[in-house]
Amino acid sequence: MDVIVVGGGIVGTSAAFHLAGRGVSTALVDASHTGQATAAGQGIVFPWPFPWEDPGLQAFKLGAAAHLPGLIAELADDGQVTGYERVGGMSVDLEGDDAGYDLVSTLAAMPGYEGMGRVERLAPGEPRERFPLLPAAYRGVYIEGMARVHGRVLRDALFNAAEERGLHYRKGDAHLLWNGHRVNGVRVGGEDLEAPTVIVAAGAWSGRLPSVAGVELPVFPVRGQITHFALPGTDTRPWPVVRFGDRASHAVAFGPDRIVAGGTREPEAGFDRRVTAKGLAENLTTALELMPDLAEATVVETRVGFRPGTRDGLPLLGPLERLPGVIVATGLGGDGLSLGAYQGVVAARLAMGREPGEDLSALRPDRPAAPV
């Protein structure tokens with residue numbers, strides 16, 4: 001084996017797909033943890049950076065924005081169902097003179113932002129015409145290039161395509177094999193799998209792996225509870241993604257009649273997998289305040305996921321100086337479905353000894369990081 005990837009979310013399966021596609025002998029080891037962020041995510045795809053973000057993160061996001069359309073097309077050509085749909089999106093507000101129009105339209109005209117497509121100012125009432133649950137008072141800005149994705153479906157497409165290209169798979173908890181000088185594989189289910197390079201892409205569970213060598217990886221779980229609603233008899237498939245600018249909340253529609261809304265952020269919850277009364281109440285209250293017409297919808301389920309958080313809010317991507325043989329790819333927080341596929345391809349490049357394509361110094365996993 002040349003490379004072992006630990007983690008079967010979107011980052012790990014993307015790395016495995018790109019490695020196997022290059023003819024690299026690759027194994028994917030996944031513990032199938034309940035609460036994997038890829039499977040529980042809301043489904044928003046908005047990879048483009050804002051001017052106030054860290055320059056290193058901006059470059060990474062622009063790379064992700066450029067990479068994702070080609071990946072989706074490649075998987076579709078391979079016969080895979082990706083769960084990705086470019087339905088457009090809106091940022092809406094009850095107050096304000098432009099709901100972000102000036103900023104977004106300026107960005108859309110800049111190099112690297114071509115995928116944002118057409119940007120339109122929406123007068124009061126126009127957002128409701130496109131997303132009928134919104135109150136008529138909302139105004140907004142429409143961004144043509146925003147998309148939604150079923151995280152589980154895209155993950156499965158990457159995995160299936162990688163298996164067709166020769167990927168080996170092992171289910172179980174992985175433990176790094178450390179010989180005192182470097183990592184040379186993993187142990188899973190009593191079996192030792194040897195490889196000169198291991199990609200650690202286990203999301204919120206990544207932190208425990210380097211501890212075998214006394215190395216701390218600064219990643220921790222941020223629990224999110226997100227609620228799914230159904231509107232029987234209503235076709236929600238053409239509805240765009242919605243961002244509520246005055247509340248930093250989102251709503252995503254999926255076919256045939258599903259609305260995904262809410263989304264708690266609980267960094268103190270650890271790996272507690274419960275749907276809590278407080279979390280459900282928060283989601284219901286927020287959803288009904290923003291979309292009163294959702295009152296008669298059916299509450300289908302609330303999913304619990306664990307986003308991989310970091311102290312400074314930046315991803316972890318690159319080798320660990322104190323742990324030769326390891327490449328880390330995690331820490332995307334709530335941006336996994338927008339940026340995870342690209343993080344996987346950059347990790348695959350590093351594992352093959354290739355240039356990553358950009359300066360990763362701001363994202364290196366052993367950087368000193370002050371909390372945000």
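Higher on the page you've got the structure.
What counts, and where the lines are drawn
Residues numbered from 1 in each chain as written. Predicted model: local features only at pLDDT ≥ 70, side-chain atom pairs only at ≥ 80, totals over all residues. Heavy atoms only, no water. Helix = DSSP H or I, 4+ residues; strand = E, 2+ residues; numbered from the N terminus. Rg over C-alpha atoms; globule rule 2.2 N^0.38 Å. Buried < 20%, exposed > 50% of the residue type's maximum accessible area, 1.4 Å probe, protein only. Areas by Shrake-Rupley, 256 points an atom, 1.4 Å probe, with all protein chains shown as cover. Lys, Arg positive; Asp, Glu negative; His and termini not counted. Charge placed at Lys NZ, Arg CZ, Asp CG, Glu CD. Expected span 1.5 Å × (residues − 1). Arc of directions from axis to C-beta. Contact = heavy atoms within 4.5 Å. Phe/Tyr/Trp six-rings, centres within 6.5 Å; stacked < 30°, edge-to-face > 60°. Lys NZ or Arg CZ within 6 Å of the ring centre and 35° of its normal. Pairing = 2+ DSSP bridges. Axes fitted to C-alpha atoms, helices over the stretch in contact; angles between N-to-C directions. Parallel < 35°, antiparallel > 145°, perpendicular 65-115°, else oblique. Nonpolar A, V, L, I, M, F, W, Y, C, P; charged D, E, K, R; others polar. Left-handed = near helix turned anticlockwise from the far one by under 90°.

Draft legend 1. Seen up close, the overall build of the protein. Check the secondary structure of the protein and you find eight helices and 20 strands. Over its C-alpha atoms the protein spans a radius of gyration of 21 Å, differing by no more than 12% from the 21 Å that the globule rule assigns to 372 residues. Going through the 372 residues of the protein one by one, you find that 54% of them count as buried. Summed over all atoms, the accessible surface of the protein reaches about 15500 Å², with 50% contributed by carbon and sulfur. Side chains of the protein carry 34 positive and 44 negative charges; the gap between the two charge centres is 3 Å.

Draft legend 2. Local environment of helix H7 (residues 277–290). If you check H7, its first and last C-alpha atoms are 20 Å apart, about what 14 residues at 1.5 Å a residue would give, namely 20 Å. The set of residues buried in H7 consists of Gly279, Asn283, Thr286, Ala287 and Leu290. Each buried residue of H7 lies within a common arc of 100° when the element is viewed along its axis, so the set occupies one face. With respect to the buried face of H7, the exposed residues turned more than 90 degrees away are Ala277 and Lys278. Buried residues in H7 make contact with strand S14 (220–230), strand S15 (241–244), strand S16 (249–254), strand S17 (258–262) and strand S18 (298–309).

Draft legend 3. The arrangement of the packing of aromatic side chains in detail. According to the stated counting rule, one finds 10 aromatic pairs in the structure shown. Taking the centre distance of 5.3 Å and the plane angle of 80° together, the rings of Phe159 and Tyr169 count as edge-to-face. Highlighted residues: Phe159 in helix H6 (residues 151–164) and Tyr169 in strand S9 (residues 168–171), separated in sequence by 10 residues. The partly exposed category is assigned to Tyr169, whose relative accessible area is 32%. Here Trp205 and Phe271 contribute two aromatic rings whose centre-to-centre distance is 4.9 Å and whose plane-to-plane angle is 25°, an arrangement assigned as stacked. Of this pair, Trp205 sits in the loop between strand S13 (197–200) and S14 while Phe271 sits in the loop between S17 and H7, placing them 66 residues apart in sequence. Here Trp205 falls in the buried class, since its relative accessible area comes to 11%. You can call Phe271 partly exposed: its relative accessible area is 33%. Three or more aromatic residues joined by ring pairs form one cluster here, namely Phe46, Trp48, Phe50 and Trp52. Here Arg130 stacks its cationic end above the ring of Tyr142, 4.5 Å away from the centre of that ring.

Draft legend 4. A look at unusual backbone geometry. Residue Pro256 is reached from Gly255 by a cis peptide bond, and omega for that bond is 0°. Position of Pro256 among the secondary structure elements: in the loop between S16 and S17. Positive phi values are uncommon outside glycine, yet Ser32 reaches one of about 50°. Relative to the helices and strands, Ser32 is located in the loop between strand S2 (26–30) and helix H2 (37–40). The phi dihedral of Ala248 is positive, around 50°, even though this residue is not glycine. Relative to the assigned elements, Ala248 resides in the loop between S15 and S16.

Draft legend 5. Looking closely at the sheet that holds strand S12 (residues 191–194). Taken together, the three strands give an open sheet; going across it, the order is S10-S11-S12, and neighbouring strands pair in antiparallel fashion. Each having just a single partner strand, strand S10 (174–178) and S12 make up the two edges of the open sheet. Averaged over all adjacent pairs, the angle separating strand axes in this sheet is 30°, with direction ignored. Relative to S12, strand S11 (residues 183–188) is paired through four bridges, and the arrangement is antiparallel.

Draft legend 6. The arrangement of the packing of helix H3 (residues 55–77) against helix H8 (residues 336–351) in detail. As a packed pair, H3 and H8 sit with axes 8 Å apart at the nearest point and diverge in direction by 90°. Put simply, H3 runs roughly perpendicular to H8. For the pair H3 and H8, contact is made by Phe60, Lys61, Gly63, Ala64, His67, Leu68 and Leu71 and by Ser338, Leu339, Ala341, Tyr342, Gln343 and Val345, respectively. Looking at the contact of H3 with H8, its residues break down into eight nonpolar, four polar and one charged.

Draft legend 7. Examining the environment of Val6 more closely. Looking at the element boundaries, Val6 is found in strand S1 (residues 3–6). Here Val6 falls in the buried class, since its relative accessible area comes to 5%. The sequence separation of Val6 and Ala174 amounts to 168 residues, and the corresponding C-alpha distance is 7.0 Å. Setting aside residues no more than four positions away along its own chain, Val6 makes contact with Val29, Ala174, Val186, Val198, Ile199, Val200, Ala201, Ala202 and Leu209.

Draft legend 8. Summary view of the packing of H3 against H6. With their axes 11 Å apart at the nearest point, H3 and H6 run at an angle of 60° to one another. Judged on the interaxial angle alone, H6 and H3 are oblique. The two elements H3 and H6 cross, and the hand of that crossing is left-handed. Of the residues in H6, those in contact with Leu71, Ile72 and Leu75 of H3 are Leu154, Ala157, Leu158 and Ala161.

Draft legend 9. Inspection of the sheet that holds S16 at higher detail. Pairing is mixed across the open sheet formed by eight strands, whose spatial order is S6-S7-S5-S15-S16-S17-S14-S18. The outermost strands of the open sheet, each flanked by one partner alone, are strand S6 (119–122) and S18. Strand-to-strand twist of the sheet, defined as the mean angle between neighbouring strand axes without regard to direction, takes the value 20°. Pairing geometry for S14 and S18, over 11 bridges, is antiparallel. From the neighbouring strand, Gln225 faces S18, where its bridge partner is Val304. In the packing of helix H4 (residues 101–108) onto the sheet, the strands contacted are S6 and strand S7 (139–143), and the crossing angle to S6 comes to about 170°. Strands in contact with H7 are S14, S15, S16, S17 and S18; relative to S14, the strand with the most contacts, it is inclined by about 50°.

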